[in-house]
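Take a look at the letters that make up each chain.
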Amino acid sequence: MDVYRLGNRQAFNAAFRKLGLDCANWSQPVYQDLVRKSIGDEEKMLVLFFNRIGWPTSLPTSEKETFMKSVLREKKIALDELVMSKSLPLRPGVEEFIDEAYEEGVPVVMLTSYCKCGEKPARSIIEKLGNDKMARIKILGMEEVKQSFYGQLVFGEGVASDLGEQLAKEARKAVSAEEQRIAKEVASMLKLSVDIDTTSSEEMKNVVAALRAGAEYANVPVDNCVLVAGSQSGVAGAERIGMPCVVVRGSSTARAEFPGAKAIMDGFGGGDLSISRLRQIQRS
């Protein structure tokens, strides 16, 4: 779902109403102009707008930042409510894409654990697919990621106390070749833990864990998966672990560059993203 194209402007207007800002109501041209001039930075959008029409008269200059945070907080609540309602449609072609994957025996895993909008709204979007399609896919939230073999090694209690002993124990417990491979990869990664901790954010740790858990649940090697991403964090995580990645642009990323992606698409179906296109990209 292109959440920002469908609901972001409406959510801002709902936040303005909630806060009693009757002077603020963004039409589509006003919203697009603010997005263009701020390059999508929502705090800058608010600054540009209120500098233009005037800030609330009762607002001290020292409280402008607090005021903007309250607007953005109410806007997020309104956007979540819109996403979880039945009024916003899925992207054209995405349902046919999932059907094509099923018909060709390609497992589809939906990762909600690192979604910018949060797990609950992300799951509500997936539910719009209906029960038949949901039965054909695997949905991974943070709980499922932590229960994966990789997640247990990275997030599990006791791992940090004695890495060598714990990893050896987990490797002995592994009963499949894939689990042994993951254990070796994690062991190798944890030997570089000092470097990793200084360069990786908590968000990146969660993205990488979600991607590896997704491959594990699909029972497919990481380099034989393809991440269909919509954000820089997904692309960066995929690049870090050697998972091919394709970006499907949204309105919030229309001008963004994704040098780590193998391809950039505008949507699903037609001349854009399909399972056959994914196979070509994967082989290239």
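Anything mentioned here points back to the structure above.
I will try to describe carefully the structure that is included in this document. Only a predicted model underlies this, so the values are computations on that prediction, with no experimental measurement involved.

Rules used throughout
Residues numbered from 1 in each chain as written. Predicted model: local features only at pLDDT ≥ 70, side-chain atom pairs only at ≥ 80, totals over all residues. Heavy atoms only, no water. Salt bridge = Lys/Arg side-chain N within 4 Å of Asp/Glu carboxyl O. Helix = DSSP H or I, 4+ residues; strand = E, 2+ residues; numbered from the N terminus. Buried < 20%, exposed > 50% of the residue type's maximum accessible area, 1.4 Å probe, protein only. Phe/Tyr/Trp six-rings, centres within 6.5 Å; stacked < 30°, edge-to-face > 60°. Lys NZ or Arg CZ within 6 Å of the ring centre and 35° of its normal. Contact = heavy atoms within 4.5 Å. Arc of directions from axis to C-beta. Axes fitted to C-alpha atoms, helices over the stretch in contact; angles between N-to-C directions. Parallel < 35°, antiparallel > 145°, perpendicular 65-115°, else oblique. Left-handed = near helix turned anticlockwise from the far one by under 90°. Nonpolar A, V, L, I, M, F, W, Y, C, P; charged D, E, K, R; others polar.

## Some thoughts on the pattern of salt bridges
Right, so step 1: Counted under the stated rule, the structure contains 12 salt bridges.
Right, so step 2: When the shortest N-O distance is used, the salt bridge between R52 and D33 registers 3.3 Å. A residue pair is termed long-range when its members are at least 10 positions apart, and R52 in helix α3 (residues 42–53) and D33 in helix α2 (residues 28–38) qualify at 19 residues.
Right, so step 3: Classification of R52 as partly exposed rests on a relative accessible area of 46%.
Right, so step 4: The exposure class assigned to D33 is buried, which follows from its relative accessible area of 19%.

## Concerning the packing of aromatic side chains
Right, so step 1: One pass over the structure, following the stated rule, counts 12 aromatic pairs.
Right, so step 2: Between the aromatic rings of W26 and Y31, the centroid separation amounts to 6.3 Å while the plane-to-plane angle is 35°, which identifies the pairing as tilted.
Right, so step 3: Taking relative accessible area as the criterion, W26 reaches 0% and is therefore assigned buried.
Right, so step 4: On the numbers, 5.4 Å between centres and 75° between planes, the contact of F50 with F67 is edge-to-face. With F50 in helix α3 and F67 in helix α4 (residues 64–84), the pair connects residues that are 17 residues apart, well separated along the chain.
Right, so step 5: Classification of F67 as buried rests on a relative accessible area of 10%.
Right, so step 6: The rings of F12, F16, W26, Y31, F49, F50, W55 and F67 are connected pair by pair, giving a single aromatic cluster.
Right, so step 7: In this structure, R136 is placed above the aromatic ring of Y102, and the distance from its NZ or CZ to the ring centre is 4.1 Å.
Right, so step 8: A cation over an aromatic ring shows up here: K146 above the ring of F155, its NZ or CZ 6.0 Å from the ring centre.

## Thoughts on helix α6 (residues 119–127)
Right, so step 1: Along α6, the positions that sit buried rather than exposed are P121, A122, S124, I125 and I126.
Right, so step 2: Tucked into the core, α6 has its buried residues touching α1 (3–18), α4, β1 (108–111), α7 (131–134) and β2 (137–140).

## Quick notes on helix α5 (residues 94–103)
Right, so step 1: Looking only at α5, the buried set comprises V94, F97, I98 and A101. Summarising the axial view, the buried residues of α5 lie within an arc of 95°, below the 170-degree limit, and thus occupy one face. Opposite the buried face of α5, by more than 90 degrees, sit the exposed residues E96, Y102 and E103.
Right, so step 2: Residues of α5 that are buried make contact with β1, β2 and α15 (275–283).
Right, so step 3: Looking at the residues trailing α5, positive phi occurs at G105, about 75°.

## Points about the packing of α3 against α4
Right, so step 1: Between α3 and α4, the shortest axis-to-axis distance is 10 Å and the interhelical angle comes to 120°. Taken together, α3 and α4 sit at an angle that is classed as oblique. Considering how the two elements wind past one another, α3 and α4 form a crossing that is right-handed. Judged by residue contacts, E42, E43, L46, V47 and F50 of α3 engage F67, M68, K69, V71, L72 and K75 from α4.
Right, so step 2: Class assignment for the residues of the contact of α3 with α4 results in 7 nonpolar, no polar and 4 charged.

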